[in-house]
Structures are given as C-alpha cells and as structure tokens.
Amino acid sequence: MSNSAAQLAEVRERLARAARDTGRDPAEITLVCVSKTFGPEDIRPVLASGERHFGENRVQEAEEKWPALRTDYPDLELHLIGPLQSNKAREAVALFDVIETVDREKIAEALAKEIKRTGKHPKLYVQVNTGAEPQKAGILPEDADAFIKTCRETYGLEISGLMCIPPVDDQASPHFALLNKIAARNGIKIMSMGMSSDFELAIQLGATHVRVGTAIFGKR
Ligand SMILES: *Cc1c(COP(=O)(O)O)cnc(C)c1O
C-alpha cells in the first residue's frame, strides 16, 4: 500500500470513531482530501481507495493537475478551498464542483455572471473569518447574515454551506460553535470545518465536511 493510502485508512478510522462517539453516522460526514502541493502519484492511490472529494487552494495548480485525473474518475468532486480572485471566476466555475470561499460581493457578482453564462452550477459555501483575523480571507461573523442574504437575493446564488479556518493559536471549538450558529440561523446544512489537527473536534461540533491534508498526504 502506498503511504497516502495507508494514512488515509487511519484518517477514516479516526473520522468514524469521532462520529460514533458523538452518536453520528460516519456516512454523513464527507472527507475532503486536501491534495494541494501533491502530485498525481500521491493522489491516485487515494482515488483508487475510493475517495472522491478533493480540495485544492489554488486555481492554477488545480488546472494543471485535475483535468487528467477527472478523465479517469469522472465522478470526483473538486473543492476550491483557497481565496478566489474575481478575475479567476471563469476558471473556477469551469474546474471546481464546490467553491468554499465565497466571501465578498465582488466574488458573488463574478460567480453569478459566470454561472449564468455557462449554466454550470458549482455548490457555493461562504467562508467566515470567525477569528476576525485581518490577514485572513472570509466575511466577518457580524457581516455574515447580510452577506448571505445579498448572495441569495441580489445575485440569485444558492448558498449551501459555510466554511471556516480557526486562528492557529486559538482553541478551535468556539470557532466551530460560532460557524454552527451562523449556519443554523441562515438555514444552511453544510459546515466545512476541521483539518488534520482538529477534525474530530469539528465532527463533535457538527461538521458535515472535514478538510484533511497532512494526515493523509504527509508534510507539505
Ligand atoms: C491546507 C488546508 C487544509 C488542510 O490542512 P491540514 O492541516 O494539512 O490538514 C484545510 N483547509 C484549508 C483551507 C487549507 O488551505
């Protein structure tokens, strides 16, 4: 077994245990394998093991890697988890099945235009900057409700999920709890939260999607 396939097996066990410990069905939690910086030789064993959800943080890197992999695995679901520039909306809509990082009106507008032009409908999540970190992407928590409403009503976008990346030095649980609250009051069912170091905690706090890189693919 390749290294990434072996580590994947361990991540699946951790995920299933965390779900069962919280009385949840492991099948309701989607593992998004974060393959940024890794090449097809590392990604293929994970695809061969049955995983179909992958996360990339850069549009251009994903464009170089994924069209060939998709030819072999047409049912895979590719998530954009990194910041999106509005001038890359065309490429992003063409390539990704899920865009997790909608976080400002300019992006919402560019995506709406591209969705209308192409008829392609990637699932859209709003990224919330739960720690209000100045250097980090995401809408501020206090602006989230209004932004979600603008996306829906002004731009006709279907917002199906929320995503957050807690500050590295903080306890993650208040951030996960905050995302959960914002999701609940906006009628949003999907919560993308939790990474290699804290995905079990995220599952306890309601994550439907966890984004795991290092624990599967190794150090970047
Ligand atoms: C890189 C990345 C991850 C994965 O982080 P790991 O700690 O390697 O599991 C998850 N989410 C986002 C947004 C990332 O950029």
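Conventions adopted
Residues numbered from 1 in each chain as written. Predicted model: local features only at pLDDT ≥ 70, side-chain atom pairs only at ≥ 80, totals over all residues. Heavy atoms only, no water. Near = heavy atom within 4 Å. Polar contact = N/O pair within 3.5 Å; in protein donor to acceptor, adjacent residues only side chain to side chain. Areas by Shrake-Rupley, 256 points an atom, 1.4 Å probe, with all protein chains shown as cover. 1 Å grid on protein atoms, 1.4 Å probe; cavity = no way out; pocket = protein on both sides within 12 Å on 5 of 7 lines; lining within 4 Å. Sits in = over half its atoms within 2 Å of the grid points. Nonpolar A, V, L, I, M, F, W, Y, C, P; charged D, E, K, R; others polar. Core = buried A, V, L, I, M, F, W, Y, C linked by side-chain atoms within 4.5 Å. Buried < 20%, exposed > 50% of the residue type's maximum accessible area, 1.4 Å probe, protein only. Helix = DSSP H or I, 4+ residues; strand = E, 2+ residues; numbered from the N terminus. Contact = heavy atoms within 4.5 Å. Salt bridge = Lys/Arg side-chain N within 4 Å of Asp/Glu carboxyl O. Points joined across faces, edges and corners; volume = space filled by probe spheres on them. Axes fitted to C-alpha atoms, helices over the stretch in contact; angles between N-to-C directions. Parallel < 35°, antiparallel > 145°, perpendicular 65-115°, else oblique. Left-handed = near helix turned anticlockwise from the far one by under 90°.

(A) The site of the ligand, seen in detail. Taken together, the neighbourhood of the ligand is formed by Val34, Lys36, Ile81, Met163, Ile165, Met195, Ser196, Arg211, Val212, Gly213, Thr214 and Arg220. Residue Gly213 places a main-chain N or O atom 2.8 Å away from an oxygen atom belonging to the ligand. Protein coverage of the free-state accessible area of the ligand, which is 390 Å², stands at 88%. Because more than half of its atoms lie within 2 Å of the grid, the ligand is assigned to the largest pocket. Taken together, the residues of the shell around the ligand sort by class into six nonpolar, three polar and three charged.

(B) The arrangement of the nonpolar core in detail. Core analysis: the biggest nonpolar cluster contains 64 residues, and Ile99 and Leu111 have the highest contact counts within it. Among the elements that take part in this core, helix H5 (residues 105-118) stands out by supplying six residues, more than any other. When sequence neighbours within four positions are dropped, the list of residues in contact with Leu111 reads Leu84, Ala89, Val93, Ile99, Val102 and Leu124.

(C) Just the side chain of Thr30, in detail. Structurally, Thr30 can be placed in strand S1 (residues 30-34). Residue Thr30 is classed as buried on the basis of its relative accessible area of 18%. Ignoring anything within four residues of it in the chain, the contact list for Thr30 reads His53, Thr208, His209 and Val210.

(D) A look at the environment of Pro167. Within the element layout of this structure, Pro167 appears in the loop between strand S6 (159-164) and helix H7 (173-185). The spacing of Pro167 and Asn129 is 38 residues in sequence and 9.0 Å in space, taken between C-alpha atoms.

(E) Spotlight on the pattern of salt bridges. Summed over the entire model, instances satisfying the criterion amount to 15 salt bridges. Residue Arg44 pairs with Asp72 through a salt bridge whose shortest N-O separation is 3.0 Å. One end of the pair, Arg44, is in helix H2 (residues 40-48); the other, Asp72, is in helix H3 (residues 59-72), with 28 residues separating them in the sequence. Among the residues examined, Asp72 registers a relative accessible area of 45% and is labelled partly exposed.

(F) Just the layout of surface pockets, in detail. Of the voids in this model, the largest pocket is the one considered here, and its volume is about 380 Å³. In terms of lining residues, the largest pocket is bounded by 21 residues, among which Lys36, Ile81, Ile165, Met195 and Arg211 are the most central. Residue composition of the lining of the largest pocket, by class: nine nonpolar, eight polar and four charged. The space that makes up the second largest pocket amounts to roughly 190 Å³. Around the second largest pocket, the lining residues are Ala112, Ile115, His121, Pro122, Lys123, Leu124, Tyr155, Gly156, Leu157, Glu158 and Ser160. Among the secondary structure elements, those contributing two or more residues to the lining of the second largest pocket are H5 and strand S5 (123-128). Taken together, the residues of the lining of the second largest pocket break down into six nonpolar, three polar and two charged.

(G) Geometry of the packing of helix H1 (residues 3-21) against H2. One way to put it is that H1 packs onto H2 with a least axis distance of 8 Å and a crossing angle of 45°. With respect to each other, H1 and H2 are oriented oblique. Relative to H2, H1 is oriented so that their crossing is right-handed. In this structure, H1 uses Ser4, Ala5 and Leu8 to contact H2, whose residues at the interface are Asp42, Pro45 and Val46. Across the contact of H1 with H2, the residue classes tally to four nonpolar, one polar and one charged.

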